[in-house]
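Structural overview for review
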Amino acid sequence: MDKYTFWEIFKLENSVFETEKEQELAAQFGYAERVRELVSAKYTHKPLAFVHTYGCQQNVSDSEHLKGYLEMMGYGFTDELNEADLVLYNTCAVREHAQTRVFGNVGILKANKRQRPGMLICMCGCMAQQESVAAKIKKSYPYVDILFGTQVRHRFPEFVYRKMTTGKRVFENPADDSGIFEGIPVHRDGTFKAWLPIMQGCNNFCTYCIVPYVRGREYSREPEDVIAEAREIIKGGAKEIMLLGQNVNSYGKNCKHKMTFAELLREINAIEGDFRIRFMTSHPKDCSEELLKAMAECEKVEKHLHLPVQCGSSRVLEKMNRRYTAEHYMGLIEKAKSLMPELQLTSDIIVGFPGETEEDFRETLELIKKVRYYSLFTFIFSPRPGTPAEKMPDPESKADKSRRFAELLAVQEEISRGLNEQVIGRTVRLLIEETDGDVLVGRSSENLVVRVKGDGALLGNFVNAKITEFDGVLHGNII
Ligand code: SAH
Ligand code: SF4
Ligand code: F3S
């Protein structure tokens, strides 16, 4: 099929584009309009899309853009699978378990499709980018209509259009490393919290990790685009911006206008308004003193640092290709704590990396006790196809890994309890994120989650509260 129909060629010829990307997006907007016409002719009701996102915040943010496209194509949204006219699963491949869950949930869709044969089933994201997954879906899940990878997600309207006009299944997951597409519409899920991707992809190739393979090379958005979007978000009333990237500390490397992540933080901090800035994720190898200083000096930047260490043994860190040692990491933590006494730290830990010995694991426990993380995201190593670690000898038994994992959790629970008890009596500024009757759940700049009594109308607002108690969760009073 020709890439552009007569209608799009007409539109393209009558427009002026500075770049190929602008031209590509204009073509996609053309497809979106055609789909809109097709669905309005097909349905007597407004068609509804059920979008489910697995994995990290990057995926959540991508889904907001895919939802932007869906809106453009004339769809509304539903949380009920059985009333959906289109289902979109945005998937994650980071661990085996994540993938198994998706296959299970896609399997369930067979029954939904039988009940609603017109339902369009689409699958995208990091799993879809893998050839082996695409082949399995093609062969064993014939009711999946459209599958597309992360690197062509800007072409979603074209895929829907193709399926609707040809009736043929669409499978598109090429390695398309053409960089960032600015201007894809966005449907923001939150009203007072907003995701703001500042970069995409990853160049680090940690030996256990599939992300660089499924997300492609690292590209940063131009600072002016990021700052303009931040302004727009604040103008729209948001109270919190979460800056997203797999390694925000290496921000700006490919930009025409050079800017470090620390400088970007300062720029966004200078935007007028009462809001908070968060960011995810920082890689210790690129975590600079300049960044820690910017965090300390910018009043809107959270005093919480998620700095994944993965492991406390320098020997294992080297095998993981993390490119820092445990000593270097501890140096960063000491620096950060000295600049920000109120700082809370969190981290990711992998237990049972191939060749991890009992002694390596003890070093991880020691590091955790020294740092005193507020909380941890803990994972048992999961071999990922095509990564170097998949082929490393892994003599340790599953039972040993599980025992280490349980020990790690117990040690961390003790530390978390200690830190929670330590903040009793402290006054914090909470952004109220949830309400449950007259109980409000707020989050502080240090990432402390505190329950307070108050009016539900405070949702999405800042309140000052004094922390009074810890009984597994923190409680406080609004002051
Ligand atoms: N870019 C982020 C992490 C993204 S993946 C960073 O570098 O910090 C989130 C976490 O999943 C990682 O930090 C790691 O702890 C975990 N993870 C990634 N691959 C894994 C694997 N194969 N097995 C177990 N855990 C894994
Ligand atoms: Fe994966 Fe490492 Fe990149 Fe994080 S930095 S996404 S762990 S390769
Ligand atoms: Fe998963 Fe892809 Fe994120 S593999 S963790 S959704 S980048």
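Residues numbered from 1 in each chain as written. Chains lettered and ligands numbered in written order. Predicted model: local features only at pLDDT ≥ 70, side-chain atom pairs only at ≥ 80, totals over all residues. Heavy atoms only, no water.

Before going further, it helps to examine the site of ligand 1. In the vicinity of ligand 1 there are 15 residues, among which Arg-95, Gln-246, Gln-310, Asp-348 and Ser-382 approach most closely. A distance of 2.8 Å separates a nitrogen atom of ligand 1 from a polar atom in the side chain of Gln-246. Protein coverage of the free-state accessible area of ligand 1, which is 540 Å², stands at 90%. Elements with a contribution of two residues or more to the shell around ligand 1: strand S13 (344-351) and strand S14 (375-380). Looking at the shell around ligand 1, its residues break down into 7 nonpolar, 4 polar and 4 charged. Taken domain by domain, the shell around ligand 1 gets at least three of its residues from each of domain 2 (190-302) and domain 3 (304-416). (Near = heavy atom within 4 Å. Polar contact = N/O pair within 3.5 Å; in protein donor to acceptor, adjacent residues only side chain to side chain. Areas by Shrake-Rupley, 256 points an atom, 1.4 Å probe, with all protein chains shown as cover. Helix = DSSP H or I, 4+ residues; strand = E, 2+ residues; numbered from the N terminus. Nonpolar A, V, L, I, M, F, W, Y, C, P; charged D, E, K, R; others polar. Domains from an automatic or database assignment.)

Time to look at the nonpolar core. In terms of nonpolar packing, the biggest core is built from 83 residues, with Leu-243, Phe-261 and Ile-268 touching the most fellow members. Here this core gets 6 residues from one element, more than from any other, and that element is helix H12 (residues 326-339). Membership of the second largest hydrophobic core comes to 29 residues, among which are Phe-50, Leu-81, Ala-98 and Tyr-143. (Core = buried A, V, L, I, M, F, W, Y, C linked by side-chain atoms within 4.5 Å. Buried < 20%, exposed > 50% of the residue type's maximum accessible area, 1.4 Å probe, protein only.)

We now examine the domain arrangement of the chain. Accessible area lost upon the coming together of the parts is a frequently used measure of interface size. Domain boundaries in the chain define domain 1 (3-172), domain 2 (190-302), domain 3 (304-416) and domain 4 (427-478). Computed from C-alpha coordinates alone, the two centres of domain 2 and domain 3 are separated by 24 Å. The interface of domain 2 with domain 3 comprises 24 residues on the first partner and 30 residues on the second. Summed over both sides, the interface of domain 2 with domain 3 buries roughly 2300 Å², with 67% coming from carbon and sulfur. Considering only the surface of domain 2 that becomes buried against domain 3, Thr-207, Tyr-208 and Pro-284 emerge as the three largest contributors, covering 34% of it. There are 1 salt bridge connecting domain 2 and domain 3. Between Glu-289 and Lys-335 there is a salt bridge, with its nearest N and O atoms 3.2 Å apart. In this structure, the connection of domain 2 to domain 3 is made through 11 residue pairs in polar contact (both at pLDDT 80 or more). Looking at the side of domain 2 that touches domain 3 element by element, the count peaks at 5 residues for helix H10 (residues 289-297). Class assignment for the residues of the side of domain 2 that touches domain 3 results in 13 nonpolar, 6 polar and 5 charged. (Contact = heavy atoms within 4.5 Å. Buried area = accessible area lost by both parts, 1.4 Å probe. Salt bridge = Lys/Arg side-chain N within 4 Å of Asp/Glu carboxyl O.)

Further remarks concern the sheet that holds strand S7 (residues 193-197). The sheet built from 3 strands is open, its strands ordered S7-S10-S11 with parallel pairing. Strand pairing shows two members of the sheet lacking a second neighbour, S7 and strand S11 (276-280), which therefore form its edges. Averaged over all neighbouring strand pairs, the angle between strand axes comes to 25 degrees, with direction disregarded. With 5 bridges joining them, strand S10 (residues 240-244) and S11 adopt parallel strand pairing. Bridging across to S11, Met-242 finds its partner in Arg-278. Lying over the sheet, helix H3 (residues 57-72) contacts S7, S10 and S11, oriented at roughly 95 degrees with respect to S7. Here helix H9 (residues 261-269) sits on the sheet and contacts S10 and S11; the angle it forms with S11, its principal contact strand, is near 155 degrees. (Pairing = 2+ DSSP bridges. Axes fitted to C-alpha atoms, helices over the stretch in contact; angles between N-to-C directions.)

Turning our attention to unusual backbone geometry. Looking along the chain, the bond that leaves Met-280 and enters Thr-281 is cis, with omega of -10 degrees. With respect to the helices and strands, Thr-281 occurs in the loop between S11 and H10. Its identity is not glycine, yet Phe-205 carries a phi of approximately 50 degrees, on the positive side. The residue Phe-205 is located in the loop between strand S8 (199-200) and helix H7 (211-215) in this model. Phi at Arg-323 takes a positive value of approximately 65 degrees, unusual for a residue other than glycine. Here Arg-323 lies in the loop between helix H11 (314-319) and H12. Accessibility expressed as a relative area gives 48% for Arg-323, which makes it partly exposed.

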